[in-house]
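# Remarks on the overall topology
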Amino acid sequence: MAIRYDEEQRTFHLQGKSTSYVMQLERDGYLTHQYWGRKIRQFRNSNRQQYIDRSFSPNPYHRDRTFTLDALPQEYPQYGNSDFRKPAYQIQLENGSTVTDLRYKSHRIFSGKPKLAGLPATYAGQESAETLEITMEDDLLQLEVVLLYTIFSQYDVVARSVQFCNNGKQKLKLLQAASASVDFHRSDFDMLTMPGAWGKERHLERRALQAGIQSTESTRGASSHQQHPFIALMEKHATEEQGEVFGFHLVYSGNFLAQAEVDQFATTRVTMGINPFDFTWVLEPNETFQTPEAVLVYSAVGLGGISQTLHGFYQQHLVRGEYRDKERPILINNWEATYFDFDADKIEGIAKAGSELGIELFVLDDGWFKKRNSDSTSLGDWFVDKTKLPNGLEDLAKRVNELGMQFGLWFEPEMVSVDSDLYREHPDWCLHVPDRYRTESRDQLVLDFSRQDVRQEIIKRVADILESAPITYVKWDMNRHLSEVGSSLLPHERQRETAHRHILGVYEVMDEITSRFPNVLFESCSGGGGRHDPGILYYMPQAWTSDNTDAVERLKIQYGTSLLYPISSMGSHVSDVPNHQVHRFTSLEMRGDVAMAGNLGYELDLTKLTSEEKEIVKQQITSYKKIRRLVQFGRFYRLKSPFEGNETAWMFVDEDKTEAFICYYRVLAEPAAPLASLRMKGLDGAKDYRIIGTSEIYSGDELEYSGIRIPTDLVGDFVSYTWHLKAE
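Residues numbered from 1 in each chain as written. Predicted model: local features only at pLDDT ≥ 70, side-chain atom pairs only at ≥ 80, totals over all residues. Heavy atoms only, no water.

## Re the environment of F661
- Position of F661 relative to the elements: it lies in strand β33 (residues 659–666).
- Using a relative accessible area of 4% as the deciding quantity, one classes F661 as buried.
- For the pair F661 and A597, spaced 64 residues apart in the sequence, the C-alpha separation amounts to 9.4 Å.
- Beyond its immediate sequence surroundings of up to four residues, F661 is in contact with I627, L630, V631, W650, M651, F652, T722, W723 and H724. (Helix = DSSP H or I, 4+ residues; strand = E, 2+ residues; numbered from the N terminus. Buried < 20%, exposed > 50% of the residue type's maximum accessible area, 1.4 Å probe, protein only. Contact = heavy atoms within 4.5 Å.)

## Topic: the packing of helix α3 (residues 344–357) against helix α4 (residues 392–401)
- Contact geometry for α3 and α4: axes closest at 10 Å, N-to-C directions at 25°. With respect to their mutual orientation, α3 and α4 come out roughly parallel. Helix-helix and strand crossings are classified by hand; for α3 and α4 the assignment is right-handed. For the pair formed by α3 and α4, the contact residues are A344, D345, I347, E348 and A351 on the first element and L396, R399 and V400 on the second. (Axes fitted to C-alpha atoms, helices over the stretch in contact; angles between N-to-C directions. Parallel < 35°, antiparallel > 145°, perpendicular 65-115°, else oblique. Left-handed = near helix turned anticlockwise from the far one by under 90°.)

## Some words on the side chain of D593
- Locating D593 in the fold gives a position in helix α10 (residues 588–595).
- Despite being buried, D593 has no salt bridge partner; R591 is the closest side chain of opposite charge, sitting 11 Å away.
- At 2.6 Å, the side chain of D593 and the side chain of S720 are in polar contact.
- Beyond its immediate chain neighbours, meaning those up to four positions away, D593 contacts C663, Y665, S720, Y721 and T722. (Lys, Arg positive; Asp, Glu negative; His and termini not counted. Salt bridge = Lys/Arg side-chain N within 4 Å of Asp/Glu carboxyl O. Polar contact = N/O pair within 3.5 Å; in protein donor to acceptor, adjacent residues only side chain to side chain.)

## Description of unusual backbone geometry
- Each neighbour pair has its own omega, and for V577 with P578 the value is 0°, a cis peptide bond.
- Counting through the fold element by element, P578 comes out in the loop between β29 (570–575) and α10.
- Phi angles above zero are rare outside glycine, and R27 is one such case at about 50°.
- Mapped onto the elements, R27 comes out in the loop between β3 (19–26) and β4 (30–38).

## Some points on the sheet that holds β3
- Strand order in the open sheet made by the four strands is β1-β2-β3-β4, with antiparallel pairing throughout. Strands at the two margins of the open sheet, each flanked by one partner only, are β1 (3–6) and β4. Mean inter-strand twist for the sheet, computed between neighbouring axes without regard to direction, equals 15°. (Pairing = 2+ DSSP bridges.)

## Digging into the packing of aromatic side chains
- In this structure the tally under the stated criterion is 41 aromatic pairs.
- Ring geometry for F369 against W382: centres 4.4 Å apart, planes inclined by 50°, an arrangement best described as tilted. With F369 in the loop between β22 (361–364) and α4 and W382 in the loop between β22 and α4, the pair connects residues that are 13 residues apart, well separated along the chain.
- Its relative accessible area of 0% is what places F369 among the buried residues.
- Here W382 falls in the buried class, since its relative accessible area comes to 1%.
- Residues Y507 and Y539 carry aromatic rings whose centres are separated by 5.4 Å and whose planes lie at 25° to one another, so their mutual orientation is stacked. Of this pair, Y507 sits in helix α7 (residues 498–516) while Y539 sits in the loop between α8 (534–537) and β28 (542–544); the two residues are 32 residues apart in sequence, bridging distant segments of the chain. For the residue pair Y507 and Y539, the accessibility class agrees, reading buried in each case. (Phe/Tyr/Trp six-rings, centres within 6.5 Å; stacked < 30°, edge-to-face > 60°.)

Next up, the structure:
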């Protein structure tokens, strides 16, 4: 069994592929954290908790000055009864007090993994996972808090979530409800986070833990470009290939908080969940509240181990649907080619040029619906603009299909323009608060998806369009964050539930639409990577990684994203130069080499390419089709970091280690530059590999230990080179 309970020691021992997670019951039912790390064959508590008198740390047991919650490593700590660190949850009673006292009541162990009501979460069959359900109880309140832990046989992952069940007679108010909390016995860690901004998402930032609280969070109503719902604690010497790393990733798309608190005794408490900022939840008698899921991942071999685990785990236990294991098509998107200025003939011309180059999917971006000639109007009016497309989407899709290409479409279902028929008919359907100005962003407001009537109408409008034409791809966008967060249908005491209810509504709409159209490939987008998170990945198997398509900037964006997400989830396009975001000129070759390290696409006017450029694009597409499955579903290794120098490199290796694709990029030329080489990873040392297109053959161990020389004919700024290897 993957989960064992030792009655004598009162320990719970969870064992994954090569990791152990151990908890123990202390005294009268306090649930403590004992160990998380490398797999232990049998836990006998050699490093047991020690109890000494700690000054200014109160004692729950009369005359026992050695026991205090302030120094106890707890699994789900509470507020108000001798622990002065930040709690995992907080509840307000009807009398205004916020003190609670949870003790162990019962537990059960079962095969498989339960679904979380209304929330995205990882999934597993009966044979691939086991779940531990520990019920804690506050006798006074008749409050049950159910802690859920799922361990996976093939991965070093623990999935955690929490259910609050009000079995009492009084109304309770949740002020905080974290999904997971872990108390480490040490604090000599570095903390890794992934900050960013629009156009520079998921950069990597590492800093030493210090006394006090350090955190990453979003209060924008979305997981956001600015922060990411992830935090990792790393040993000081940990690198890409060595050292222990403990990762926390929240399967949620709204406001979140992930924090590490180093206390006076040099222990560290990590807490992750819904951000308590501007959040409360009224829990009536007999009601239940379910937190989002937190994915806890462990690696003994550095950040590369975290990536290897999460890539496979998310691919097998989070991504769903027809496209989970299916190769993604090469697409052409008209956005940077036309913006809002197009008609059916212009679109057909771009599609025809794409078809001749081997592109498989045409995506019609923003501007196809009612009076949408700029970004200031018509969101919500999901009806075809007959001025631009007089014969409708069905005719345009047919013309694209006749070119041998699939047809895709852009939507932004969660938004409404002030200048729209929908807003004029239903001004109360947006998020707003009484008597306050409605802040616009991009001339639009956010529809209130906490309302069932809003959700039903948007589902109908989107479904009607998807049923009207042979649409096989949808780009689902979301181009602003939440302000004036309130709902006209919620009572005053539930207004601080709005942000979470809105996200639950977004999930419901996504679930309904993606379930109704299972053959459509959905790509999520939020101004690029502003909501690229595990919650959305559950509904949509890929995301537009960033609106910034500059090849140089994409090195950092894609490198950071690759830490957590499978490459099949990353949309990566070749766009025009000068780049529309940073106005940089880079070669078509480098732009292609960067884009081929994801789901390849193009975002430019193909009809304006020169003959030479068309030949380069055709060759890129031909080459990518040969390595597509390898790139999208192979094992990914980072070789050189753009955050540490002028060079970037990564590679892809298939499961049998018979094929590999390696990419190298140099940003700026250097005077008197050293002769560079590149060491590879993940190859079979016993195999010989031929470099495709040459007569060169090298053993896998030579390529890993000695490396391969970077060609000296790479001159100038912004250059790249690739190798395609096949085992002999």
